[in-house]
Amino acid sequence: MPEVSHNDVKYELEPREHDLYGFGVDVYMKGKDGSRPKAPIAFIPGRDENAATMMTQQWLKLAFPAELQGKKKK
């Protein structure tokens, strides 16, 4: 199963066929100890595993944006 990382959090992708949306991946947020919860946080559709992985990376950037590193005020 492919893994992606975003904001120092690892996500495991599990390919599956959805009745309504077709092929895609279930996205599981992995714990710090490497454990995986029973339920996925999202289903991301894609025409194949590579497309679904790319769509997942884009979705993670939108859903969990990185904290802005601005200048600190004195």
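Not measured: the values here are computed from a predicted model.

K.L.:
Explanation requested: the side chain of Thr56 in the structure shown.
P.N.:
Within the secondary structure layout, Thr56 lies in helix H1 (residues 49-63). Owing to a relative accessible area of 0%, Thr56 belongs among the buried residues under this scheme. Beyond its immediate sequence surroundings of up to four residues, Thr56 is in contact with Val4, Leu13, Val25, Val27 and Ile44.

K.L.:
Is there a simple way to explain a nonpolar patch on the surface in this structure?
P.N.:
On the surface, Met29, Ile41 and Phe64 cluster together to form a nonpolar patch covering roughly 230 Å² of accessible area. Along the polypeptide, Phe64 turns up in the segment after H1.

K.L.:
Which parts of the structure should I look at to understand the nonpolar core?
P.N.:
As a rule of thumb, nonpolar side chains are buried together in soluble globular proteins. Listed in full, the 9 residues of the largest apolar core are Val4, Tyr11, Leu13, Val25, Val27, Ala42, Ile44, Ala52 and Leu60. When contributions to this core are tallied by element, the ones reaching two or more residues are strand S2 (9-18), strand S3 (22-29), strand S4 (42-45) and H1. Not counting residues within four places of it along the chain, the set of residues in contact with Tyr11 comprises Pro2, Glu3, Val4, His6, Val27, Tyr28, Met29, Ile41, Leu60 and Phe64.

K.L.:
I'm lost on unusual backbone geometry in this one. Help?
P.N.:
Trans peptide bonds make up most of the peptide bonds, and negative phi angles are found at most residues other than glycine. The phi dihedral of Asn7 falls on the positive side, at around 50°, and the residue is not glycine. Positionally, Asn7 belongs in the loop between strand S1 (3-6) and S2.

K.L.:
Please clarify how the sheet that holds S2 should be interpreted in this entry.
P.N.:
Note on sheets: strands pair through backbone hydrogen bonds, and any given pair is parallel or antiparallel. In spatial order, the strands read S1-S2-S3-S4; together these 4 strands make up an open sheet with antiparallel pairing. With one partner strand each, in any of the chains shown, S1 and S4 form the two edges of the open sheet. Along the sheet, successive strands turn relative to each other by an average axial angle of 35°, direction set aside. Examined bridge by bridge, S2 and S3 share 8 bridges and lie antiparallel to one another. Bridge pairing links Glu14 to Asp26 in S3. With respect to the sheet, H1 is in contact with S1, S2, S3 and S4, its orientation differing from that of S4 by roughly 125°.

K.L.:
In this structure, what is going on with the packing of aromatic side chains? I would like to understand it.
P.N.:
How two aromatic rings sit relative to each other is set out by the distance from centre to centre and by the angle between their planes. Applying the stated rule across the entire model yields 2 aromatic pairs. Between Trp59 and Phe64, the aromatic rings sit 5.9 Å apart at their centres with planes inclined by 85°, giving edge-to-face as the arrangement. The lysine or arginine in question, Arg36, covers the ring of Tyr28, its NZ or CZ lying 3.7 Å from the ring centre.

K.L.:
Help me out: how do you make sense of the environment of Val27 in this one?
P.N.:
Inspection of the secondary structure assignment puts Val27 in strand S3. Judged by its relative accessible area of 0%, Val27 falls in the buried class. In this structure, the C-alpha to C-alpha distance between Val27 and Pro40, residues 13 residues apart in sequence, is 5.3 Å. Leaving out residues up to four positions away in the same chain, Val27 has contacts with Tyr11, Glu12, Leu13, Pro40, Ile41, Ala42, Ile44 and Thr56.

What counts and how
- Residues numbered from 1 in each chain as written.
- Predicted model: local features only at pLDDT ≥ 70, side-chain atom pairs only at ≥ 80, totals over all residues.
- Heavy atoms only, no water.
- Helix = DSSP H or I, 4+ residues; strand = E, 2+ residues; numbered from the N terminus.
- Buried < 20%, exposed > 50% of the residue type's maximum accessible area, 1.4 Å probe, protein only.
- Contact = heavy atoms within 4.5 Å.
- Patch = residues over 30% accessible without salt bridge, like charges linked within 9 Å, V, L, I, M, F, W, Y side chains within 5 Å.
- Areas by Shrake-Rupley, 256 points an atom, 1.4 Å probe, with all protein chains shown as cover.
- Salt bridge = Lys/Arg side-chain N within 4 Å of Asp/Glu carboxyl O.
- Core = buried A, V, L, I, M, F, W, Y, C linked by side-chain atoms within 4.5 Å.
- Pairing = 2+ DSSP bridges.
- Axes fitted to C-alpha atoms, helices over the stretch in contact; angles between N-to-C directions.
- Phe/Tyr/Trp six-rings, centres within 6.5 Å; stacked < 30°, edge-to-face > 60°.
- Lys NZ or Arg CZ within 6 Å of the ring centre and 35° of its normal.

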